[in-house]
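# Tertiary structure, described
Listed here are the chains, written in short residue letters.
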Amino acid sequence: TQLLEQSPQFLSIQEGENLTVYCNSSSVFSSLQWYRQEPGEGPVLLVTVVTGGEVKKLKRLTFQFGDARKDSSLHITAAQPGDTGLYLCAVPRGGYQKVTFGTGTKLQVIP
Amino acid sequence: EAGVTQFPSHSVIEKGQTVTLRCDPISGHDNLYWYRRVMGKEIKFLLHFVKESKQDESGMPNNRFLAERTGGTYSTLKVQPAELEDSGVYFCASSPRGNTQYFGPGTRLTVL
């Protein structure tokens, strides 16, 4: 059983389309993070959400933390080829002493 | 500012051999972490150093894995003897105060 389940697992879309990826759990978290990983690189932190219902925007990316703090979504508007990568939700544990990662969503944006 | 660096980027060894992975954290970062992703699985925590001390090694899979951080600077992760199931990508991360972790590019280990 995975602590953080992400869906879809794979997503291939055309440039300019919108998309949403999801991160779900049965557990409640004090905070949740989203990372992006590109081939040959390590994960890079995009955002941390800490309040139930919180919405954060990073250019064309919109992150939302569920009201019950059990789930999160990432919405990308007008996807660009540069958005291609592996998107990971994650939960810092033990006071940010370690990070538990989700299963990941592999996004491909076709020009 | 240089990021987290890892060496080698790729290692191919035979079952039973020994491999040592190295991580150089961002200068001044006291916290250093090791993670790994094995095929088809999510990235999993292995252990956490604060300076030269092991803070948490609950994710280390077994005693074939030995991590060190002498002097509180770079760290090494040795696998001895390597088994087929050890294949995967090993990531190192560092942070100044245990908050945002900065990840290195990873070492891809292939055990044949």
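Up top you'll find the structure we're talking about.
First, a word on what this report is: a plain description of the structure on this page. Bear in mind that the values here come from a model prediction, so they are computed numbers and not experimental data.

About the thresholds
Residues numbered from 1 in each chain as written. Chains lettered and ligands numbered in written order. Predicted model: local features only at pLDDT ≥ 70, side-chain atom pairs only at ≥ 80, totals over all residues. Heavy atoms only, no water. Phe/Tyr/Trp six-rings, centres within 6.5 Å; stacked < 30°, edge-to-face > 60°. Buried < 20%, exposed > 50% of the residue type's maximum accessible area, 1.4 Å probe, protein only. Helix = DSSP H or I, 4+ residues; strand = E, 2+ residues; numbered from the N terminus. Pairing = 2+ DSSP bridges. Axes fitted to C-alpha atoms, helices over the stretch in contact; angles between N-to-C directions. Polar contact = N/O pair within 3.5 Å; in protein donor to acceptor, adjacent residues only side chain to side chain. Contact = heavy atoms within 4.5 Å. Buried area = accessible area lost by both parts, 1.4 Å probe. Salt bridge = Lys/Arg side-chain N within 4 Å of Asp/Glu carboxyl O. Nonpolar A, V, L, I, M, F, W, Y, C, P; charged D, E, K, R; others polar.

### Remarks on the packing of aromatic side chains
Summed over all chains, the structure comprises 9 aromatic pairs over all chains. Aromatic pair Tyr-33 of chain B and Tyr-35 of chain B: ring centres 6.4 Å apart, planes at 35°, arrangement tilted. Grouping residues by exposure puts Tyr-33 of chain B and Tyr-35 of chain B together as buried. Aromatic side chains Tyr-35 of chain B and Phe-103 of chain B sit 5.3 Å apart centroid to centroid with 45° between the ring planes, which places their arrangement in the tilted category. Of the two residues, Tyr-35 of chain B is situated in strand S4 (residues 31-37) and Phe-103 of chain B in strand S10 (residues 102-103); the sequence distance between them amounts to 68 residues. The buried category is assigned to Tyr-35 of chain B, whose relative accessible area is 0%. On the basis of relative accessible area, Phe-103 of chain B is assigned to the buried category, the value being 10%. By way of ring pairs, the aromatic residues Tyr-35 and Phe-101 of chain A together with Tyr-33, Tyr-35, Phe-45 and Phe-103 of chain B are connected into one cluster.

### Comments concerning the sheet that holds strand S3 (residues 19-24) of chain A
Residue and element names in this part refer to chain A. If you walk across this open sheet you meet the 5 strands as S1-S3-S8-S7-S6, and the pairing is antiparallel. Lying at the two open borders of the sheet, with one neighbouring strand each, are strand S1 (5-7) and strand S6 (55-58). Strand-to-strand twist across the sheet, computed as the mean angle between neighbouring axes with direction ignored, equals 15°. Across 4 bridges, S6 lies against strand S7 (residues 61-65) in antiparallel orientation. Bridge assignment links Lys-57 to a residue of S7, and that residue is Thr-62.

### Details of the side chain of Thr-105 of chain A
All names here are of chain A. With respect to the element layout, Thr-105 can be found in strand S11 (residues 105-110). The exposure class assigned to Thr-105 is buried, which follows from its relative accessible area of 0%. Here Pro-8 takes part through its backbone oxygen, which lies 2.6 Å from a polar atom of the side chain of Thr-105. Residue contacts for Thr-105: discarding those within four places in its chain leaves Gln-6, Ser-7, Pro-8, Gln-9, Val-21, Gly-85, Leu-86 and Tyr-87.

### Regarding the interface of chain B and chain A
Counting residues at the interface gives 18 residues for chain B and 18 residues for chain A. With both chains or domains summed, chain B and chain A bury close to 1,400 Å², and 52% of this area falls on carbon and sulfur atoms. Between Lys-98 of chain A and Asp-56 of chain B there is a salt bridge whose closest N-O contact spans 3.3 Å. The tally of links between chain B and chain A comes to 5 residue pairs in polar contact (both at pLDDT 80 or more). When contributions to the side of chain B that touches chain A are tallied by element, the ones reaching two or more residues are S4 and strand S5 (44-50) of chain B. A per-element tally of the side of chain B that touches chain A places S4 of chain B first, with 4 residues. Broken down by class, the residue content of the side of chain B that touches chain A amounts to 7 nonpolar, 8 polar and 3 charged.

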